[in-house]
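Now for the letters of each chain:
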Amino acid sequence: MKKNITVFVSYARANRDLATRFLKKFKEQAAPSKQYHYTFWRDSDILVGEKWHEEIQHALGECDVGLVLISPALLGSQYIQDHELPKFVKSGGRSVIPVMLQPIDLERHDLKGLLQTQIFRLDRPRFASPKAYGECSGSHRDQFALELFRQVEARLDKIVAK
């Protein structure tokens, strides 16, 4: 029997198109998982007329893990900084899976509490340095999603074992 995993997807609105393309690839990898049934929640799931802040807070409270799609826009978002990231970076918070959606400067950008957390980037021997999803093209985007899926599954195995 598969374990249900609810994933809260945190991303900056400015990155909506790139985040959507990334999630499509990641969901393709996650769908045939042997161990887990993934449900993804993002702000586009909020229905017209609903109070968006309350819906986001409810989803944060219900999720098993947060998929944080890091970009300069996400790090610069006051709402994400004040209301989403604290649920994942404070001790005792929800488990976080930080993914580099767009390149950031790990030395010069304020990572809003994510600095101590391993951030996923695609690393290949011929790359000068690991790449954000937005820096990848073609088959590297597929490799990015597959490698992330493997790491997410391994992480979930550790979380579920507790």
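The name an unreviewed UniProt entry gives the chain is Toll/interleukin-1 receptor domain-containing protein, with Candidatus Nitrospira allomarina as the organism.

### Considerations on the overall build of the chain
When helices and strands are tallied, the chain shows 6 helices and 4 strands. Along its sequence from the N terminus, the chain presents helices and strands in the succession β-α-β-α-β-α-α-α-β-α. Against the compact-globule benchmark of 15 Å for 162 residues, the chain has a radius of gyration of 15 Å, which places it among compact chains. Per-residue burial for the chain yields a buried fraction of 41% across its 162 residues. A total accessible area of about 9300 Å² is found for the chain, and carbon and sulfur atoms account for 48% of it. Charge centroids of the chain, computed over 25 positive and 20 negative side chains, lie 4 Å from each other.

### Examining the environment of Ile5
Inspection of the secondary structure puts Ile5 in strand β1 (residues 3-10). If we ignore the near neighbours within four places in the chain, the residues touching Ile5 are Tyr36, His37, Tyr38, Thr39, Asp64, Val65 and Leu156.

### Overview of the UniProt feature "domain: TIR" (unreviewed entry) in the chain
Per the UniProt record, the feature "domain: TIR" (unreviewed entry) sits at residues 3-152. Each end of residues 3-152 is marked by a C-alpha atom, and these two atoms are 14 Å apart; helix forms 37% of the span and strand 17%.

### Observations regarding the sheet that holds strand β3 (residues 65-70)
If you trace the 4 strands from one edge of the open sheet to the other, you get β2-β1-β3-β4, paired in parallel fashion. The strands lining the two open edges of the sheet, one partner per strand, are β2 (36-41) and β4 (95-100). Neighbour-to-neighbour, the strand axes of the sheet open up by a mean angle of 25°, direction not taken into account. Most of the contacts of helix α1 (residues 16-30) go to β2, to which it runs at about 165°, and overall it touches β1, β2, β3 and β4. Running at roughly 165° to β4, helix α6 (residues 139-161) makes contact with β1, β2 and β4 of the sheet.

### Details of unusual backbone geometry
Even without glycine at this site, Lys112 takes up a positive phi of about 55°. Along the polypeptide, Lys112 turns up in the loop between β4 and α6. Residue classification places Lys112 among the partly exposed positions, given a relative accessible area of 22%.

### Side note on empty space enclosed by the protein
Enumeration according to the criterion identifies 1 cavity of 30 Å³ or more in this entry. Its volume calculated, the largest cavity comes out at about 30 Å³. Elements represented by at least two residues in the lining of the largest cavity include exactly β2 and β3. Taken together, the residues that form the lining of the largest cavity break down as 8 nonpolar, no polar and no charged.

Criteria and thresholds
- Residues numbered from 1 in each chain as written.
- Predicted model: local features only at pLDDT ≥ 70, side-chain atom pairs only at ≥ 80, totals over all residues.
- Heavy atoms only, no water.
- Helix = DSSP H or I, 4+ residues; strand = E, 2+ residues; numbered from the N terminus.
- Rg over C-alpha atoms; globule rule 2.2 N^0.38 Å.
- Buried < 20%, exposed > 50% of the residue type's maximum accessible area, 1.4 Å probe, protein only.
- Areas by Shrake-Rupley, 256 points an atom, 1.4 Å probe, with all protein chains shown as cover.
- Lys, Arg positive; Asp, Glu negative; His and termini not counted.
- Charge placed at Lys NZ, Arg CZ, Asp CG, Glu CD.
- Contact = heavy atoms within 4.5 Å.
- UniProt positions renumbered as here; feature names shortened; annotations may be inferred.
- Pairing = 2+ DSSP bridges.
- Axes fitted to C-alpha atoms, helices over the stretch in contact; angles between N-to-C directions.
- 1 Å grid on protein atoms, 1.4 Å probe; cavity = no way out; pocket = protein on both sides within 12 Å on 5 of 7 lines; lining within 4 Å.
- Points joined across faces, edges and corners; volume = space filled by probe spheres on them.
- Nonpolar A, V, L, I, M, F, W, Y, C, P; charged D, E, K, R; others polar.

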